[in-house]
Amino acid sequence: MDTRQLSLLIVEDDNDHAELIQSMLERKAPGVYKSERATSASAGVELMNSKDFDVILLDLSLPDSGPENTLKTFTEAFPMIPVVVLTSLEDEKLAQHAIEWGAQDYLDKSTMRADIVMRAIQHSVDRKRIQTKLEQQNEELKNFAHTVAHEFKSPLQSILTAFCLIEESAGDSISAPLKKLVTLGVQSSERLSALVNDILAFAESDLTDATTETIDMDPLVREVVGSLQAVYDVEGTEFEIQSPLPSVRGARPQIRQVMHNLLANAVKYSPREGRKISVRAETRENFVVYEIEDNGIGISPENQKRIFEPFFRVHRQEEYPGTGIGLGFCKGIIERHGGDIWVESELGKGTKMSFSLPLES
Ligand code: ADP
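Note that the structure is predicted; figures quoted are calculated from it, not measured.

> Please set out the packing of helix 2 (residues 41–50) against helix 3 (residues 67–77) residue by residue, giving values where relevant.
The interhelical angle for the contact between helix 2 and helix 3, taken along N-to-C directions, is 5 degrees, at an axis separation of 11 Å. In terms of orientation, helix 2 and helix 3 fall into the roughly parallel class. Note on element contacts: helix 3 touches helix 2 through Thr70, Thr73 and Phe74, opposite Ala41, Gly44, Val45 and Met48. Its residues assigned to classes, the contact of helix 2 with helix 3 shows four nonpolar, three polar and no charged.

Next comes the structure, spelled out in structure tokens:
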């Protein structure tokens, strides 16, 4: 455990509460904590900018800012510093939201005890340290994947071109066994090429334009459905798209990518005859939930647990071509938007993929 003095910023407009925390910590652990106090969000930010703090204890009902704004002001401006939110008993729901918005922990003001406060502070510091380390490692892994995929791209293209040239220049004189080998070479390089492109897209997903905007989902879904015709045989497919679809806030290219992957899978994993695909959406509490449903081959319960893992595939390449990256990619995008993605499916009957995105506040 870290034994150096921890410096706390208490952002709390209620004098009694702030003093209670300061005095109970000093009594229980003299000299372990030093604290400063701000009575508004703006004063807290000013102090954060002028001094180094290890933890922020943050009241969410401040005079100059609403709960979500208050928290995001601190977590976005000082992403390395853990935040413990101070709530009241009746704010259990708010406390849960606070964790989703980036707080490390919360403390109920009505049952404040020194040991509980100390534990929350220590946990928040430990959690933040682990989270930061994981984020760094994740970033390094993504950079590594990006470099490797990038380095693979051009030699792979040369191999593919070479095979195509052999095939072309040999013409009819090529023997059947050799032709088989060349075809295998072309197919394998094309598959590797698709994989490299998907890894590149995955590694670059954090870098692509992440500016959030209000996305009108109606035209977006229709445009994606139209674009599927270029890749898949969708003739005769019955698309049932709810109208209007609720709009949502997000990074447009990323949300488009998710819609594209889910709709492409709905097409790919449904037999051409009698294929029906629907897109619906509804509001549930503070989220919009979008559902893409097909009447295709379905996914067994064991496989449903694994389909979001990168590279997990149920079928052989010859049955259904693919790389196994698409759903992992979607999961990353949706989670970065503060939402969730899940599957409901029955083998032989069809699949419903759903994802939620926070409602515009
Ligand atoms: P890919 O389609 O390239 O294999 P994905 O990550 O998009 O990769 O999907 C992972 C696996 O989940 C697929 O290989 C497939 O077995 C299964 N899957 C995804 N969507 C569906 C669907 N709509 N119906 C049936 N199976 C699906």
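> Describe the sheet that holds strand 10 (residues 287–294), naming the residues involved and giving the relevant values.
Pairing is mixed in the open sheet, where five strands are placed in the order 7-9-10-12-11. Both edges of this open sheet fall to strand 7 (238–241) and strand 11 (340–346), since each of them pairs with a single strand only. Taking each pair of neighbouring strands and ignoring which way they run, the sheet shows an average axis angle of 15 degrees. Pairing between strand 10 and strand 12 (residues 350–358): eight bridges, direction antiparallel. Within strand 12, the position partnered with Val289 by the bridge is Ser356. Set on the sheet, helix 7 (residues 217–228) makes contact with strand 7, strand 9 (276–284), strand 10 and strand 12; between it and strand 7 the angle comes to about 170 degrees. Across the sheet, helix 8 (residues 252–268) lies against strand 7, strand 9, strand 10, strand 11 and strand 12, angled at about 25 degrees from strand 10, the strand it touches most.

> So what's going on with a negative patch on the surface? Which residues, and what values?
A surface patch of negative charge is lined by Asp13, Asp14, Asp16, Glu19 and Asp64. Inspection of the secondary structure puts Asp13 in the loop between strand 1 (6–11) and helix 1 (15–28).

> Go over unusual backbone geometry, please, and point to the residues and values.
Cis geometry is found at the peptide bond from Ser243 to Pro244, where omega equals 0 degrees. Within the fold, Pro244 resides in the loop between strand 7 and strand 8 (248–251). Even without being glycine, Glu285 reaches a positive phi, approximately 50 degrees. When you line up the elements, Glu285 lands in the loop between strand 9 and strand 10. The class for Glu285 is exposed, based on a relative accessible area of 66%.

> Outline the site of the ligand, supporting the account with residue identities and numerical values.
Surveying the vicinity of the ligand reveals 20 residues, the closest of which are Asn265, Tyr269, Arg313, Thr323 and Leu327. Within the backbone of Thr323, one N or O atom sits 2.8 Å away from an oxygen atom of the ligand. A distance of 3.2 Å separates an oxygen atom of the ligand from a polar atom in the backbone of Gly326. In isolation the ligand has 530 Å² of accessible area, and contact with the protein removes 97% of it. The cavity that encloses the ligand is the second largest pocket. Contributions of two or more residues to the shell around the ligand are made by helix 8 and helix 10 (326–336). In terms of residue count, helix 8 provides more of the shell around the ligand than any other element does, three residues in total. Each residue belonging to the shell around the ligand can be placed in one class, and the counts come to nine nonpolar, eight polar and three charged.

What counts and what doesn't
Residues numbered from 1 in each chain as written. Predicted model: local features only at pLDDT ≥ 70, side-chain atom pairs only at ≥ 80, totals over all residues. Heavy atoms only, no water. Axes fitted to C-alpha atoms, helices over the stretch in contact; angles between N-to-C directions. Helix = DSSP H or I, 4+ residues; strand = E, 2+ residues; numbered from the N terminus. Parallel < 35°, antiparallel > 145°, perpendicular 65-115°, else oblique. Contact = heavy atoms within 4.5 Å. Nonpolar A, V, L, I, M, F, W, Y, C, P; charged D, E, K, R; others polar. Pairing = 2+ DSSP bridges. Patch = residues over 30% accessible without salt bridge, like charges linked within 9 Å, V, L, I, M, F, W, Y side chains within 5 Å. Areas by Shrake-Rupley, 256 points an atom, 1.4 Å probe, with all protein chains shown as cover. Salt bridge = Lys/Arg side-chain N within 4 Å of Asp/Glu carboxyl O. Lys, Arg positive; Asp, Glu negative; His and termini not counted. Charge placed at Lys NZ, Arg CZ, Asp CG, Glu CD. Buried < 20%, exposed > 50% of the residue type's maximum accessible area, 1.4 Å probe, protein only. Near = heavy atom within 4 Å. Polar contact = N/O pair within 3.5 Å; in protein donor to acceptor, adjacent residues only side chain to side chain. 1 Å grid on protein atoms, 1.4 Å probe; cavity = no way out; pocket = protein on both sides within 12 Å on 5 of 7 lines; lining within 4 Å. Sits in = over half its atoms within 2 Å of the grid points.

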